[in-house]
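# Close look at the chain arrangement
The residues making up each chain are set out below.
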Amino acid sequence: MKVKQHIKAVAVATALAASATVASAQDKEPIRFGLCFDLSKSYTFISPQVAQAAQDLAMYTNENGGIEGHPVEVIIRDHGNEPQRGVECYEQLKREGVFLFNFLSTPVTNAVLPRAMKDGNVLMQSFVGRGDAVDGEVFEWVFPVGPTYWQQAANDVAFIKGQMGGDLSKAKIGFIYLDYPFGQEPIEILKTLSEKEGFELELYPVPLPGSDQAGAWSKIRRDKPDYVISWLLAGGHVVASKEMRRNRFPIDRYLSVNWLNEVDIANIGAQEAKGILRGTNVAGGQEVPIVKTMLDTYYANGKGSGPESLVRDVYYNTGMAIYSAGFEAARIAITENGWPITPESMKNAYESIENFDGNGIMAPVTVTDKDHGGGGKTRVEQWNGETWVPLTDWSADYLDVVWDVIKHSSATFTVE
C-alpha cells in the first residue's frame, strides 16, 4: 500500500500504562513501531490522540494489505513523562527487537537520544525535542520530520514582522513559557533573531504546571509588548486568557505554540477566544481527507473503535502526520532495499522522502541526509469564534539564521 495516496484510519482506544498492538492476519513479518508515551501524568491531553491516530493508521493499513504486504504493529507503553522510565521503555523494547521509536516528550526524548544514536536505532522526533537534531550530518539516527520548535519560533517572528509592516527595529516581543526544557527550547533562536532584527525581547518564565501566571502578566502589562509568543500547554492557555482580560492585553496579539487545541478553546470559551493566534505544523479540522474519510466511513456507521471526540482534535491530526511519514519511510525502505527492514534501510528511506504531505495533513516535506526535518514549514491560524482560519501559507523563514544556530549547537553534541 502506498501510504502517500491511501492513508485513511479507524480508531482504537489507547490503553493506559500497558502495551497495545494493532496487527492483521497477514502472514508476513510485521513492521514494529515502539511508542513510549506519557499516558498517565503530564501530557495526557495530547498523547491519547496521537496514539489513537497511530493505531488507526496501522489498522487501516493492515486491512488494506499492509506496507508492501507486511502488517504494521504499534506497541504503546507509558513513561509518565519521566526520563528514566522512558530510558527503561527504550531498553525493554530494544531487547524485543524494536528499532523504531517515538517518545512524544522533549525531556524523555533528550534522555533517550544519546542511547539511540550509540545503538544506531531510529528515533522519530517530530514536533518535540532539541532543535539542532534536524542536522542529519550529526544526528544520523534522529528524524524530527516537520518543523522543530526553533523553526516554528522563527516563523512566528516572521509573521509578527509582516504584521508590523516589515520592520521590527522598534518592536517589543514578549515570550511567555513554561520554565523547563519544552518551554526553554525557542529562547536561543529568539535571542538570535532579536539581535538580527533589532527588536526588544522580554522573557516571562512561568513555573510548572502553568497555573501561576499573575506575576508574568503583571510584567507584560507594564512592558507593553507588541506581541506575546506563548510556549504554554493546555490549562496554561486558559489561565493566560484570563490574565489577558484582567491585564487588558489584546488576545489577538497572543501567538501560541502549536499545542493549543479544541479542548483549550472550549475551556477559554469560543467567543472569548476569538482572535487568538496559533502557529501550527499540521492542517486542523475534519475536512482533511484522511480524517474526513475515517469519520464518514467508520464513525458514521458506528464502527469507530475509539472515542470520536479524540478524532475531532488537532492533536489527532498531529499523530496522523507523524505516522503517515513513518509508514511512507517504511514503504520506501522495502521498495528500495527489500525485506527485512533494518535501521540502516529505514534511515536511508527517511532521507528519501520527497514532497510528502500525507494527503494534505501537513506541509510538504522533503527529507535529506543533511536536513532530517524536511523544510520546517508552519503557518499561522486565527480563531474566528467558530473555527481556525489560516492567515498565512505554509512557509519557513529565517532558514539561514536557524541553520547557523543549528550548526553551532550540533557541533557541541557528543554521544557520551
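Residues numbered from 1 in each chain as written. Predicted model: local features only at pLDDT ≥ 70, side-chain atom pairs only at ≥ 80, totals over all residues. Heavy atoms only, no water.

Right, let's get into the environment of Glu188. Along the polypeptide, Glu188 turns up in helix H7 (residues 187-197). The partly exposed category is assigned to Glu188, whose relative accessible area is 35%. With 206 residues separating them in the primary sequence, Glu188 and Trp394 have C-alpha atoms 23 Å apart. If near-sequence neighbours (up to four positions away) are discounted, Glu188 is found in contact with Trp150, Val405 and His408. (Helix = DSSP H or I, 4+ residues; strand = E, 2+ residues; numbered from the N terminus. Buried < 20%, exposed > 50% of the residue type's maximum accessible area, 1.4 Å probe, protein only. Contact = heavy atoms within 4.5 Å.)

This part takes up the environment of Gln286. Mapped onto the fold, Gln286 is located in the loop between strand S10 (277-280) and helix H11 (289-297). Taking the C-alpha atoms as reference points, Gln286 and Val314, 28 residues apart in sequence, are found 8.8 Å from one another. Those residues in contact with Gln286, other than ones at most four positions away along the chain, are Val291, Lys292, Leu295, Val311, Arg312 and Asp313.

Below, the discussion takes up the nonpolar core. One finds Phe33, Phe182, Trp259, Ile276, Tyr323 and Met346 to be the most contacted residues of the largest nonpolar core, which totals 139 residues. Looking at this core element by element, the count peaks at 14 residues for helix H13 (residues 314-337). If you count residues domain by domain, this core takes at least three from each of domain 1 (2-147 + 286-369) and domain 2 (150-280). When residues no more than four places from it in sequence are discounted, the contact partners of Ile276 are Ile251, Tyr254, Leu260, Ile265, Ile268, Glu381, Gln382, Trp383 and Trp388. (Core = buried A, V, L, I, M, F, W, Y, C linked by side-chain atoms within 4.5 Å. Domains from an automatic or database assignment.)

Its place among the elements puts Thr297 in helix H11. You can call Thr297 partly exposed: its relative accessible area is 37%. With 135 residues separating them along the chain, Thr297 and Gly162 place their C-alpha atoms 41 Å apart.

It is at 10 Å that the axes of H7 and helix H15 (residues 399-410) come closest, and there the two elements cross at 130 degrees. With respect to their mutual orientation, H7 and H15 come out oblique. The handedness of the crossing between H7 and H15 is right-handed. When H7 is examined against H15, the residues Glu188, Ile189, Thr192, Leu193 and Lys196 are found in contact with a partner set consisting of Val401, Val402, Val405 and His408. Classifying every residue of the contact of H7 with H15 by side-chain character gives 5 nonpolar, 2 polar and 2 charged. (Axes fitted to C-alpha atoms, helices over the stretch in contact; angles between N-to-C directions. Parallel < 35°, antiparallel > 145°, perpendicular 65-115°, else oblique. Left-handed = near helix turned anticlockwise from the far one by under 90°. Nonpolar A, V, L, I, M, F, W, Y, C, P; charged D, E, K, R; others polar.)

Once that is clear, we can look at the state of the cysteines. What the rule picks out here adds up to 1 disulfide. In this model Cys36 forms its disulfide with Cys89; the gap between the sulfur atoms is 2.0 Å. Taking the sign of the torsion about the S-S bond as the criterion, the disulfide between Cys36 and Cys89, at about -75 degrees, is left-handed. Here the residue Cys36 occupies a position in strand S1 (residues 31-37), and Cys89 occupies one in helix H3 (residues 83-95), the gap between them amounting to 53 residues. A relative accessible area of 0% places Cys36 in the buried class. (Disulfide = S-S within 2.5 Å.)

Moving on, we come to the packing of H3 against helix H4 (residues 106-119). Their axes nearest at 8 Å, the elements H3 and H4 cross at an angle of 35 degrees. Relative to H4, the crossing made by H3 is right-handed. Taking contact as the criterion, the partners of Pro83, Gly86, Val87, Tyr90, Glu91 and Lys94 in H3 are, on H4, Pro107, Val108, Ala111, Val112, Arg115, Ala116 and Asp119. Considering only residue class, the contact of H3 with H4 consists of 8 nonpolar, 1 polar and 4 charged.

It is worth spelling out helix H9 (residues 235-247) at this point. In this model, H9 (13 residues) spans 18 Å end to end at C-alpha, consistent with the 18 Å of a helix rising 1.5 Å per residue. Within the span of H9, buried status applies to Gly236, His237, Val238, Ala240, Ser241, Glu243, Met244 and Asn247. Against helix H8 (214-223), strand S8 (227-231), strand S9 (254-256) and helix H10 (262-268) lie the buried residues of H9. With its phi angle positive at about 55 degrees, Arg248 sits one or two positions after the end of H9. (Expected span 1.5 Å × (residues − 1).)

All right, on to the sheet that holds strand S5 (residues 142-143) then. Taken together, the 5 strands give an open sheet; going across it, the order is S2-S1-S3-S4-S5, and neighbouring strands pair in parallel fashion. The two strands at the open ends of the sheet, each matched to only one other strand, are strand S2 (72-78) and S5. By the bridge criterion, 2 bridges tie S1 to strand S3 (residues 100-102) in an arrangement that is parallel. Following the sheet pairing, Gly34 is matched in S3 by Phe101. Contacts from helix H2 (residues 47-63) reach S1 and S2 within the one sheet, and its direction differs from that of S2 by about 160 degrees. Each of S1, S2 and S3 touches H3; the most contacted strand, S2, lies at about 145 degrees to it. (Pairing = 2+ DSSP bridges.)

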